[in-house]
Amino acid sequence: MSWTDLARNGRILVVDDAMENIQILHHALREEHEVLFALDGEQALQIARDQQPDLILLDAVMPGMDGYAVVAALRGSPRLQDIPVIFVTALSRPEDETRALEAGAVDFISKPFNVAVVRARVRSQLTIKRQADAMRELSMTDGLTGVANRRNFNDTVDAEWRRCARAGLPLSVIMIDIDHFKLYNDHYGHQAGDGCLQDVSAAMKRCATRPQDMLARYGGEEFILLLPQEGADGTEVVANRILDEVRKLALPHAASVTAPHVTLSMGLATVMPQDSSDPHALIRTADANLYRAKQTGRNRYCISLDS
Ligand SMILES: [Mg+2]
């Protein structure tokens, strides 16, 4: 099996202070999975942060930070809290098992290992994890266009707002609306309207490709582009790129009074976030600028002169 196939079958972090246990588990799992290991709790958390494993096999009893402390630290971190943990321990009393499960472990394996049992439990936890990831992905994505949905945007803009406030960096948004979209639907039908939303959102996505950029469907034919760490000048560059890309699509729009093809209007807004404030005013400003773009002829963007 190739390295990429192994990664697809799940990345597992094995944590144990005894090297021989790591070797046994590595041997048991390496044919099907990518296996990482750590010899203590601190190292385990560091690797979990850096490598985002799909599953952690965690020794309960270790010098220094023990397994229970590691689980508590994982559960306290938004980025790590969803990684499932199987406790692996020589302790086998029911109260040990209960304590592990109450701490947040999803399963419990006793030493000495039965390799077949370990493999089967790992496989079943990875399947559950994969399903949970898929559900989470679906709940954050707009079904038609595949871009982020509004709830995902609301969560992300709050997090990016705080991040930019701490770092002293600007944050920008572009509110985007497809011009005369109701007329498009009336003229071409709703199925074509859906296709238009898909094509236009894909084109817009090509215009903002930094990892922190997020395009979200905000309502029917309304989208919002979040540009963390981007100032007013860079935001105008992105807006011009979007106008270009959508022009290049050249989607016919016979019912439009603005142009013979599909166009859009945009409102831009940029701010230096403060910890004491929130993104609402920024989004209102972008919305007001979008309204001005509509009033002054569409197929353009407007930007606040005072921002
Ligand atoms: Mg140990």
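Residues numbered from 1 in each chain as written. Predicted model: local features only at pLDDT ≥ 70, side-chain atom pairs only at ≥ 80, totals over all residues. Heavy atoms only, no water.

### Focus on the nonpolar core
Our working definition: Note on terminology: a nonpolar core comprises buried Ala, Val, Leu, Ile, Met, Phe, Trp, Tyr and Cys residues joined through side-chain atoms within 4.5 Å. Only protein chains enter the accessibility calculation, which uses a 1.4 Å probe; a residue whose area is less than 20% of its type maximum is buried, one above 50% is exposed, and one in between is partly exposed. Where helices and strands are cited, they refer to DSSP runs of H or I of at least four residues and of E of at least two residues respectively, numbered from the N terminus. Residue contacts are defined here by distance: any two heavy atoms, one from each residue, within 4.5 Å place the two residues in contact.
Core analysis: the largest hydrophobic core is formed by 28 residues, its most contacted members being I174, I176, V200, L225, I242, L264 and M266. Broken down by element, the residue count for this core peaks at five residues, all from helix α10 (residues 232-249). Apart from the residues within four sequence positions on either side, I176 is in contact with M204, L215, E221, E222, F223, L225, I242, L264, S265 and M266.

### Considering the packing of helix α8 (residues 181-188) against helix α9 (residues 190-205)
The cut-off we apply is this: Helix axes are fitted to C-alpha atoms over the stretch in contact, other axes to C-alpha atoms as well, and angles between N-to-C directions run from 0 to 180 degrees. Any angle between 65 and 115 degrees counts as roughly perpendicular, while under 35 counts as roughly parallel, over 145 as roughly antiparallel, and the rest as oblique. Amino acid classes used here: Ala, Val, Leu, Ile, Met, Phe, Trp, Tyr, Cys and Pro are nonpolar; Asp, Glu, Lys and Arg are charged; the rest, including Gly, are polar.
Relative orientation of the contacting elements α8 and α9 amounts to 135 degrees, with a least axis distance of 7 Å. By the angle class used here, α8 and α9 are oblique. Across the interface between the two elements, F181, Y184, N185 and Y188 of α8 pack against H190, A192, G193, C196 and L197 of α9. In terms of residue class, the contact of α8 with α9 is made up of six nonpolar, three polar and no charged.

### Some thoughts on the domain arrangement of the protein
The criterion, for reference: For the purposes of this description, domain bounds are those given by an automatic or database domain assignment.
Per the domain assignment, the segments making up the protein are domain 1 (3-137) and domain 2 (150-304). Using C-alpha coordinates to define each centre, domain 1 is positioned 42 Å away from domain 2.

### Here we look at the sheet that holds strand β1 (residues 11-15)
What counts is decided by this rule: Criterion used throughout: strands pair if DSSP finds at least two bridges between them.
Judged by pairing direction, the sheet is parallel, and its five strands sit side by side in the order β2-β1-β3-β4-β5 without closing on themselves. Each edge of the sheet is formed by a strand with only one pairing partner; in this case those strands are β2 (34-38) and β5 (107-110). Mean inter-strand twist for the sheet, computed between neighbouring axes without regard to direction, equals 20 degrees. Together, β1, β2 and β3 (55-59) form the strand contacts of helix α2 (residues 19-29), whose direction differs from that of β2 by roughly 170 degrees. Packed onto the sheet, helix α6 (residues 115-139) meets β1, β3, β4 (85-89) and β5 and runs at close to 170 degrees relative to β5.

### Some words on the coordination of the magnesium ion
For the record, the criterion: A donor here means any N, O or S atom no more than 2.8 Å from the metal (3.2 Å for Na, K and Ca); water is not included, so a site may seem to lack partners.
The protein atoms donating to the magnesium ion are D17 (OD), D59 (OD) and V61 (O), with metal-donor distances spanning 2.0 to 2.2 Å. Coordination of the magnesium ion draws on donor residues from a single chain, spaced D-x41-D-x1-V in sequence. Here D17, found in the loop between β1 and α2, pairs with D59, found in strand β3; they are 42 residues apart in sequence, far enough to count as distant. Overall, D17 belongs to the partly exposed group, its relative accessible area being 36%.

### Side note on the packing of helix α4 (residues 67-75) against helix α5 (residues 94-103)
Filter applied, for reference: Note on convention: near helix rotated counterclockwise from far helix by under a right angle means a left-handed crossing. Clockwise means right-handed.
Two elements in contact, α4 and α5, have axes whose closest approach is 9 Å; the angle formed by their N-to-C orientations is 20 degrees. When the axes of α4 and α5 are compared, the pair comes out roughly parallel. In the packing of α4 onto α5, the handedness of the crossing is right-handed. Within the contact between the two elements, α4 uses Y68, V71 and R75 and α5 uses D96, R99, A100 and A103.

### Remarks on the packing of aromatic side chains
The test is simple: Working definition: a ring pair exists when centres of Phe, Tyr or Trp rings (six-membered ring for Trp) sit within 6.5 Å. Plane angles under 30 degrees give stacked, over 60 give edge-to-face, the rest tilted.
Overall, the coordinates contain four aromatic pairs when judged by the stated rule. Centroid distance F181 to Y184: 6.1 Å. Interplanar angle 5 degrees. Geometry classified as stacked. Taken together, the positions of F181 and Y184, both in helix α8 and three residues apart, correspond to about one turn of that helix. Classification of Y184 by relative accessible area gives buried; the value is 8%.

### Things to note about α2
To keep things clear, this is the line we draw: Arc definition: directions from the helix axis to the C-beta atoms.
For α2, every residue scored as buried is listed here: N21, I22, L25, A28 and L29. Down the axis of α2, the buried set is contained in an arc of 130 degrees. They therefore lie on one face.

### Some points on the pairing of strand β9 (residues 264-271)
The cut-off we apply is this: By convention a crossover is right-handed if, when the strands point away from the viewer, the path from the first strand over the helix to the second runs clockwise.
When you tally the buried positions in β9, you get seven out of eight residues, the bulk of the element. Relative to β9, strand β6 (residues 171-178) runs antiparallel, the two sharing eight bridges. Residue I176 lies in a different strand from β9, and its bridge partner there is M266. Bridging between β9 and strand β10 (residues 301-303) involves three bridges; their strand directions are parallel. Bridge pairing in β10 places G267 opposite C302. With respect to chirality, the unit in which β9 leads through helix α11 (residues 280-295) into the neighbouring parallel β10 is left-handed.

### A word on the pattern of salt bridges
In plain terms, the rule: Each reported salt bridge corresponds to a side-chain nitrogen of Lys or Arg within 4 Å of a carboxyl oxygen of Asp or Glu.
One pass over the full model with this rule turns up 21 salt bridges. A salt bridge links R123 to E32; the nearest nitrogen and oxygen atoms lie 3.0 Å apart. Taken together, the residues span a long stretch of sequence, with R123 in helix α6 and E32 in the loop between α2 and β2 at a distance of 91 residues. Taking relative accessible area as the criterion, E32 reaches 26% and is therefore assigned partly exposed. Across the salt bridge formed by D179 and K294, the nearest N and O atoms sit 2.8 Å from each other. Of the two residues, D179 is situated in the loop between β6 and α8 and K294 in helix α11; the sequence distance between them amounts to 115 residues. Note on D179: relative accessible area 1%, which makes it buried. K294 gets classed as buried once you look at its relative accessible area, which sits at 17%. When salt bridges that share partners are traced, they join D54, D82, K129, D133 and R136 into one network.

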